[in-house]
Amino acid sequence: MAFWSDLGSFSGVTTMDLDLDGALGNAQNRQSAHRGKQQMVAVTNGIQTRIYTKNEAPAGGVRSEATVYWLPWSGEPGKGEITEATWEAIEKSEAQYILTSKFTGCRLVVDDIGVSHVAYGAGNAVPAATTSADRDRAEGASRLARGHRRTMSFSAGAAVVYDINGYAIAIGYRDASHRWKFRVYRVDGFGAKRWDLF
């Protein structure tokens, strides 16, 4: 499997075990690989795929390298921020893909200006629980003007929430018409894994 080039075909329930490792897997992204364009390698061994920065990728496995725009969240737990990239910045970077860090209660926003990773605690002055309305207010105060907005919050409802029991990773890619699309890899609190088209 060539992970990056096969991405557009991933759909529905899967046995794939996808995760981010090395600097990309840092839970709070305090020492994470820098935001923006960089070379990344997906290393696949059987049904397990791990994504690393190029200089951290281990030997072995089926390797698939790509130029990726990295969009992590930032901030302290419960007191997050919004990490954003305009389409202009992404285009100038010549990245072939967009990769977010793990969503654990966060929100992905894609609009006609760019892409945003809205942290679960975005807009908090101090660490505390937040609501969807709190994240809406934080978006309103962001530097990106909003229009034709699509959002996806990574929560499975009251019984299973991603900030406690699971996670999601969003990956942007270009389709045959050169338009950006996103696939979302989700793992719920019961360990069920699936790919969704955003």
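Residues numbered from 1 in each chain as written. Predicted model: local features only at pLDDT ≥ 70, side-chain atom pairs only at ≥ 80, totals over all residues. Heavy atoms only, no water.

### Some points on the sheet that holds strand β9 (residues 97-100)
Strand order in the open sheet formed by 9 strands is β1-β15-β14-β13-β9-β5-β3-β4-β2, and the pairing between neighbours is mixed. Of all the strands in the sheet, just β1 (12-13) and β2 (17-20) have a single pairing partner and so form its edges. Where strand β3 (residues 36-45) meets strand β5 (residues 62-71), 9 bridges bridge the pair, whose relative direction is antiparallel. Counterpart to V41 in the pairing with β5 is E65. (Pairing = 2+ DSSP bridges. Helix = DSSP H or I, 4+ residues; strand = E, 2+ residues; numbered from the N terminus.)

### A look at the pattern of salt bridges
In this structure the tally under the stated criterion is 10 salt bridges. Of the charged contacts, one joins D175 and K181 as a salt bridge, the two residues approaching to 3.8 Å between their closest N and O atoms. The class of D175 is buried, set by a relative accessible area of 15%. For K181, a relative accessible area of 31% corresponds to the partly exposed category. Note that R194 is salt-bridged to D196, the shortest N-O span being 2.8 Å. Taken together, the salt bridges that share partners define one network made up of D17, D21 and R50. (Salt bridge = Lys/Arg side-chain N within 4 Å of Asp/Glu carboxyl O. Buried < 20%, exposed > 50% of the residue type's maximum accessible area, 1.4 Å probe, protein only.)

### Digging into the nonpolar core
Membership of the largest hydrophobic core comes to 23 residues, with the highest contact counts inside it found for F3, W4, L18, I51, L99, I171 and W195. Only α1 (3-6), β2, β3, β5, β9, β13 (167-174) and β14 (180-187) provide two or more residues apiece to this core. Not counting residues within four places of it along the chain, the set of residues in contact with W4 comprises M40, V41, A42, I51, S64, E65, A66, V68, Y97 and I171. Counting residues in each nonpolar core, the second largest holds 20 residues, with W73, I90, V110 and F182 among its members. (Core = buried A, V, L, I, M, F, W, Y, C linked by side-chain atoms within 4.5 Å. Contact = heavy atoms within 4.5 Å.)

### Topic: the environment of R135
As for its position among the elements, R135 is in helix α3 (residues 132-140). When the C-alpha positions of R135 and V118 are compared, they lie 7.1 Å apart, and in sequence the two are 17 residues distant. Beyond its immediate sequence surroundings of up to four residues, R135 is in contact with G105, R107, V118, A119, Y120 and T130.

### A few points about the pairing of β13
Residues in a regular strand point their side chains to alternate faces of the sheet. In terms of residue burial, β13 counts as a mostly covered element, since 7 of its 8 residues are buried. Alignment of β9 against β13, held across 3 bridges, turns out to be antiparallel. Residue I98 lies in a different strand from β13, and its bridge partner there is G172. Two strands pair when backbone bridges link them, and β13 and β14 are joined in this way by 8 bridges, in the antiparallel orientation.

### Some remarks on the environment of G191
Counting through the fold element by element, G191 comes out in the loop between β14 and β15 (193-197). In the structure, G191 is positioned 24 residues away from Y167 in sequence and 9.8 Å away in space, judged by C-alpha atoms.

### Focus on the side chain of T44
Mapped onto the elements of the fold, T44 is located in strand β3. Relative accessible area serves as the criterion here: at 7%, T44 is assigned to the buried category. A polar atom in the side chain of T44 sits 2.9 Å from the side chain of T49. (Polar contact = N/O pair within 3.5 Å; in protein donor to acceptor, adjacent residues only side chain to side chain.)

### Focus: the packing of aromatic side chains
The tally for this structure, following the rule as stated, stands at 8 aromatic pairs. Arranged with centres 5.0 Å apart and planes meeting at 45°, the rings of W4 and Y97 form a pair that is tilted. A residue pair is termed long-range when its members are at least 10 positions apart, and W4 in helix α1 and Y97 in strand β9 qualify at 93 residues. An identical accessibility class is assigned to W4 and Y97; each is buried. Taking the centre distance of 5.2 Å and the plane angle of 55° together, the rings of Y185 and W195 count as tilted. Placement of the pair is Y185 in strand β14 and W195 in strand β15, with a sequence separation of 10 residues. For Y185, a relative accessible area of 0% gives the class buried. (Phe/Tyr/Trp six-rings, centres within 6.5 Å; stacked < 30°, edge-to-face > 60°.)

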